[in-house]
Amino acid sequence: MIGEEELKRTGLIDTHVHRVHPGRSPEFGNLGGGYIPGPAQEIHSRQTLLYHMVMEELRREFGMEEDAPLQQVEEERHKRYERDPQGYFRKLLDGENVVMHCLEVGSPVGGAPYTEQEIAYFDGSVDRKRQSFILRFERVLESVMKERLPFGQMTARYEDILSDQIEREDAVGLKSCAAYAGGLRIRFPDRHEAEKAYERILKGTKEEEDDKILNHYILLESMDIAAGYDLPVQFHTGMGGGSYIDFDTLNPVHLVPFLRHKKVFNRVKIVLLHGGHPHEEEASCLAAQFANVYTDFSGMHYLSSLKGVERMAALLEKAPLDKVMYGSDGVMFPEVSWFSHRHFRRQLAKLLNGLTAEGYMTERRARKAARMFQFDNALDCYTKLRDRVAKESQS
């Protein structure tokens, strides 16, 4: 039998996580969902299974009685966190054996970028030597558009800034939030169409599709940069938070025309984040069909609450085992990534023990697969991580 403690001995590479800061945290009920504001949303979100699951994990962590009310657990959490936010987060991560945190540093979607002071504060919780950076296209485009340059100069400036950031930050990957910026049904606008859309945006006369046209044009052009630096590109797929995500194109199958495009096909590694949840079967199929497509467990193993093992199995239904990675999607609160690490190992142990019990793989093969998901596959996909993880492991 494979146990959680055995899995914990394998160093964990978190390929998808976000910075957190006490000044950035929303209402605590968001822990369980309810990202779109509304009447009594803070009450409804505390009635989700996910909220209860995290609270139970915290109750045990705090050594509280089994019958302690959830409100009491939350109050204890706030007391500990407010007393020392950095120390609280550090203590949660102690013993979780996370070798590397791959931070998507363009977060949050739709909000102001983190300040230098906020970044320094986060570094007080998570060792800087165990951080690697994923840069987001949309954040770079957003900064360049403020300069209001002519279109040709704007695109050249965008490419220069993105390339400079890749080199300066020693980035290990890139990310697109197309799901929040027009949807996963990627269009292929030509330069003339994109330029006209850009000009209307600057003039304040933009039409309904203009943001999508410009974002998709820049996204496709960015594939040349990704290929040049041999960087994988992450795509948010599946369910997301907020009202501005394109709910009609959450399924990663909408990316197929993009994956077939000559700038992408067998040229740039594409990582389907969150396993497309709740469309894991489609994400699994895409990872199997396209040699350059990978996927991960980030978020989906706990967002599915009671069906974590079932949804993880669905993601593995067709996907090659060497193309699926761990990610926490830790965001908003320090508890999210911490809970994800623990819950993932718990669910993974159940999944692999079930597969061996059914005779689908030997226990030896299951242990190898566990190491692949937690560690090896990340190094194969994000090749820039190899030297950094090797150096950190020796220190």
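Given the structure is predicted, the values throughout are model-derived calculations rather than measurements. (Residues numbered from 1 in each chain as written. Predicted model: local features only at pLDDT ≥ 70, side-chain atom pairs only at ≥ 80, totals over all residues. Heavy atoms only, no water.)

With that out of the way, let us pick up the overall build of the protein chain. Broken down by element type, the protein chain carries 17 helices and 8 strands. Its C-alpha atoms give the protein chain a radius of gyration of 21 Å, near enough to 21 Å, the size a compact globule of 395 residues would have. For the protein chain, the spread of C-alpha atoms along the principal axes amounts to about 65 × 45 × 45 Å. Across the 395 residues of the protein chain, 55% fall into the buried class. Of the roughly 17,300 Å² of accessible surface on the protein chain, a fraction of 49% belongs to carbon and sulfur atoms. If you average the places of the 53 positive and of the 62 negative side-chain charges in the protein chain, the two averages end up 3 Å apart. (Helix = DSSP H or I, 4+ residues; strand = E, 2+ residues; numbered from the N terminus. Rg over C-alpha atoms; globule rule 2.2 N^0.38 Å. Buried < 20%, exposed > 50% of the residue type's maximum accessible area, 1.4 Å probe, protein only. Areas by Shrake-Rupley, 256 points an atom, 1.4 Å probe, with all protein chains shown as cover. Lys, Arg positive; Asp, Glu negative; His and termini not counted. Charge placed at Lys NZ, Arg CZ, Asp CG, Glu CD.)

This brings us to the environment of V309. Assignment of secondary structure puts V309 in helix 14 (residues 308–315). Distance in space between the C-alpha atoms of V309 and L351 is 5.8 Å, their sequence separation being 42 residues. In contact with V309, not counting residues within four places along its chain, are Q347, K350 and L351. (Contact = heavy atoms within 4.5 Å.)

Take helix 15 (residues 334–357) next. Look at helix 15: 35 Å from first C-alpha to last across 24 residues, which is about the 34 Å you get at 1.5 Å a residue. Extensive coverage of helix 15 is indicated by the burial of 18 of its 24 residues. (Expected span 1.5 Å × (residues − 1).)

Attention shifts here to the layout of surface pockets. In this structure, the largest pocket occupies an estimated 1,200 Å³ of space. Around the largest pocket, the lining comprises 48 residues; the ones closest to its centre are Y35, Y180, G241, V331 and M332. Listing elements by their share of the lining of the largest pocket, those giving two or more residues are helix 3 (49–62), helix 13 (300–303) and helix 15. Split by residue class, the lining of the largest pocket holds 23 nonpolar, 19 polar and 6 charged. Estimated volume of the second largest pocket: approximately 510 Å³. Around the second largest pocket, the lining is made up of 21 residues, and of these V105, P113, I119, Q165 and E169 lie nearest the centre. (1 Å grid on protein atoms, 1.4 Å probe; cavity = no way out; pocket = protein on both sides within 12 Å on 5 of 7 lines; lining within 4 Å. Points joined across faces, edges and corners; volume = space filled by probe spheres on them. Nonpolar A, V, L, I, M, F, W, Y, C, P; charged D, E, K, R; others polar.)

Moving on, we come to the nonpolar core. Counting 77 residues, the largest nonpolar core has F258 and I270 as the members making the most contacts within it. If you tally residues by element for this core, the top one is helix 10 (residues 210–229), at 9 residues. When residues no more than four places from it in sequence are discounted, the contact partners of I270 are V233, F235, F258, L259, V264, N292, V293 and Y294. Formed by 21 residues, the second largest nonpolar core is a distinct cluster that contains F28, V54, M332 and W338. (Core = buried A, V, L, I, M, F, W, Y, C linked by side-chain atoms within 4.5 Å.)

All right, on to the packing of aromatic side chains then. Under the defined criterion, the tally for this structure stands at 11 aromatic pairs. Summarising the aromatic geometry, the rings of Y302 and F339 are spaced 6.3 Å apart at their centres and angled 75° between planes, so their arrangement reads as edge-to-face. Of this pair, Y302 sits in helix 13 while F339 sits in helix 15, and the two are 37 residues apart along the sequence. The structure contains a cluster of three or more aromatic residues connected by ring pairs, namely F297, Y326, F344 and F373. Geometry around Y114 places R24 over its ring, the cationic atom sitting 4.4 Å from the centre. Over the ring of Y294 we find K323, and its NZ or CZ is 5.4 Å from the ring centre. (Phe/Tyr/Trp six-rings, centres within 6.5 Å; stacked < 30°, edge-to-face > 60°. Lys NZ or Arg CZ within 6 Å of the ring centre and 35° of its normal.)

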